[in-house]
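Summary of structural features
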Amino acid sequence: MFAKAFRVKSNTAIKGSDRKLRADVTTAFPTLGTDQVSELVPGKEELNIVKLYAHKGDAVTVYVSGGNPILFELEKNLYPTVYTLWSYPDLLPTFTTWPLVLEKLVGGADLMLPGLVMPPAGLPQVQKGDLCAISLVGNRAPVAIGVAAMSTAEMLTSGLKGRGFSVLHTYQDHLWRSGNKSSPPSIAPLALDSADLSEEKGSVQMDSTLQGDMRHMTLEGEEENGEVHQAREDKSLSEAPEDTSTRGLNQDSTDSKTLQEQMDELLQQCFLHALKCRVKKADLPLLTSTFLGSHMFSCCPEGRQLDIKKSSYKKLSKFLQQMQQEQIIQVKELSKGVESIVAVDWKHPRKGSFLEGSEVRTIVINYAKKNDLVDADNKNLVRLDPILCDCILEKNEQHTVMKLPWDSLLTRCLEKLQPAYQVTLPGQEPIVKKGRICPIDITLAQRASNKKVTVVRNLEAYGLDPYSVAAILQQRCQASTTVNPAPGAKDSLQVQIQGNQVHHLGWLLLEEYQLPRKHIQGLEKALKPGKKK
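Scope of this entry: the structure provided in the associated data block. Within each chain, residues carry numbers counting from 1 in the order of the written sequence. Residues qualify for local features only when their pLDDT is at least 70, as the model is predicted, and side-chain atom pairs are given and counted only at 80 or more; totals for whole chains, interfaces and linings, by contrast, use all residues. Hydrogens and water molecules were not included; the side-chain quantities draw on all heavy atoms of the structure.

**Thoughts on the pairing of strand 9 (residues 131-136)**
Rule in force here: For each residue, the accessible area found with a 1.4 Å probe, counting protein chains only, is set against the maximum for its type, and the residue is called buried under 20%, exposed over 50%, and partly exposed in between. Only DSSP runs of H or I with at least four residues qualify as helices, and only runs of E with at least two residues qualify as strands; both kinds are numbered from the N terminus onward. For two strands to be treated as a pair, DSSP must find no fewer than two bridges joining them.
In terms of residue burial, strand 9 counts as a mostly covered element, since 6 of its 6 residues are buried. Burial of strand 9 is two-sided: the residues Leu-131, Ala-133 and Ser-135 facing one way and the residues Cys-132, Ile-134 and Leu-136 facing the other way are all buried. Of the strand pairs in this sheet, strand 6 (residues 94-97) and strand 9 are connected by 4 bridges, and their pairing is parallel. Each residue of the ladder has a partner; that of Thr-97, found in strand 9, is Leu-136. Sheet topology places strand 9 next to strand 10 (residues 139-148); 5 bridges connect them, and they run antiparallel. Paired with Ile-134 across the strands is Ala-144, a residue of strand 10. The turn linking strand 9 back onto strand 10 is made up of 2 residues, and Gly-138 within it adopts a positive phi angle of 90 degrees.

Shown next as structure tokens:
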């Protein structure tokens, strides 16, 4: 709001004993005691009321004491300035960001959620529209004041994505410049328990890549349900029904488990979810403290709070050691006292989850019903909560699309999934691969002297050995066969049989190997009865 110069309309002196102003301050900031209100609005000193117009035309009233702006009023709402917050740093719930973000805030940008630093105790609990302070890592002195664009629960549900705070005033903006231009005092962060100190030693360190990325982060600015195909989730929608149905640590199925056992389960759930949906290979090596603060906390289900000290591990390092023993991750101490995750087994069985299209439909339908999202007036429509919005809507739809028909909702959910397929061979473990499986392709081609040959490709995707197939066809068809590299396909072979042998090839694939017909392409090219090859 004050990123650019403002225009002063009037400047009037009043007495600090003005009862109305003190009453307004007491109402706006109930945590302030009577003595603190008297310190903020001293009775024996003069106050100046400055009425001004911000560069966007907003009419603002500023209260000045001792040469410094202490409060400003916008649309009948009272806000403290950074000068006031330096004297009362706990006046507002405070969120922390990186020092590099400050220059963007001073320039007029709002604070985006990826720029937040997750404290060990989690984010402060606020509701949408609440007034909040913003401080920098290592110093509790606020450097900005803003209004929360969503509640804390919604922030965590969104995975810390999107706009977090509408910034009204910052250190170094033109309102700050109208005062004595002093710098923020050094206010130490709240003391951690001794057990946590070793865990958080590296929490304020950023590597050069993260610092570079932060400059951009703060600017606002198929369905497959056959026997072989399955879909792999790109977002954790399948976990949503479980998350929202377990809003407390002592409900339903968790009644028989101790608080410690429940926290252990939550810890592992957030850990696996973070690896699956938040962390990429390019992020490695990743500080363990950053992994906890920026990834694991954001994966915690709404209504639950992740507290490592209440788990059996007590410390993050012990939990990560256990995960390392299970060969899910590899942790190393890259600098003294600071541990980083340097490797992840992306194919570890505990990391992946695969669902068929019908299972996805069931999960989405159950989730909508359990959370009362079915429109009361029209049962064919589903209201979109923050989780569904984050999963299926584009950025330009976030504030315009509030409901969707069932068919559109299910189609969008399936389109957001990453396709994968599974091939099960007798006596072997199932083979699971990303992407869509290509069908076995049968074609007819002309060779020298106008001779026809039958060519078959993609046998390997179904666990078939091209050389074995060629040997069987040579004996059954009494024709020559060859095996050659498939053109345009890396590490793939094709089988060529003399003559039109589609009929024999179809028998082999459908009857002998019992492959589904829908995964074989070209069977219609078989020689018609009565015709010569």
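**A few points about the nonpolar core**
Our working definition: Only buried residues count toward a nonpolar core. Its members are Ala, Val, Leu, Ile, Met, Phe, Trp, Tyr and Cys residues joined through side-chain atoms within 4.5 Å. What makes two residues a contact is simply this: any of their non-hydrogen atoms within 4.5 Å.
The biggest cluster of nonpolar side chains holds 50 residues, and the ones touching the most others in it are Met-155, Phe-271, Phe-291, Met-296, Leu-306 and Ile-329. The greatest single-element share of this core, amounting to 8 residues, is contributed by helix 10 (residues 259-277). If sequence neighbours within four positions are ignored, Ile-329 has contacts with Phe-271, Leu-275, Leu-320, Met-323, Gln-324, Ile-341, Ala-343 and Val-344. With 43 residues, the next largest nonpolar core counts Val-60, Val-62, Leu-78 and Trp-176 among its residues.

**Points about the sheet that holds strand 10**
Overall, mixed pairing links the 6 strands, which are arranged 7-11-10-9-6-8 in an open sheet. Because the sheet does not close on itself, it has two edges, and the strands there are strand 7 (111-112) and strand 8 (116-117).

**Considerations on the sheet that holds strand 22 (residues 451-457)**
Rule in force here: Lines fitted to the C-alpha atoms define the axes, with helices restricted to the stretch that makes contact. Angles between their N-to-C directions range from 0 to 180 degrees.
If you walk across this open sheet you meet the 5 strands as 23-24-22-21-25, and the pairing is mixed. The strands lining the two open edges of the sheet, one partner per strand, are strand 23 (481-485) and strand 25 (520-521). Across 4 bridges, the pairing between strand 22 and strand 24 (residues 493-498) is antiparallel. Its bridge partner lying in strand 24, Thr-454 is registered against Ile-497. Along the sheet, helix 16 (residues 466-477) makes contact with strand 23 and strand 24, crossing strand 23 at roughly 160 degrees. Contacts from helix 17 (residues 502-512) reach strand 21 (440-447), strand 22 and strand 25, with the element oriented near 160 degrees to strand 21.

Bear in mind that shape data such as this cannot, by itself, settle questions of function.
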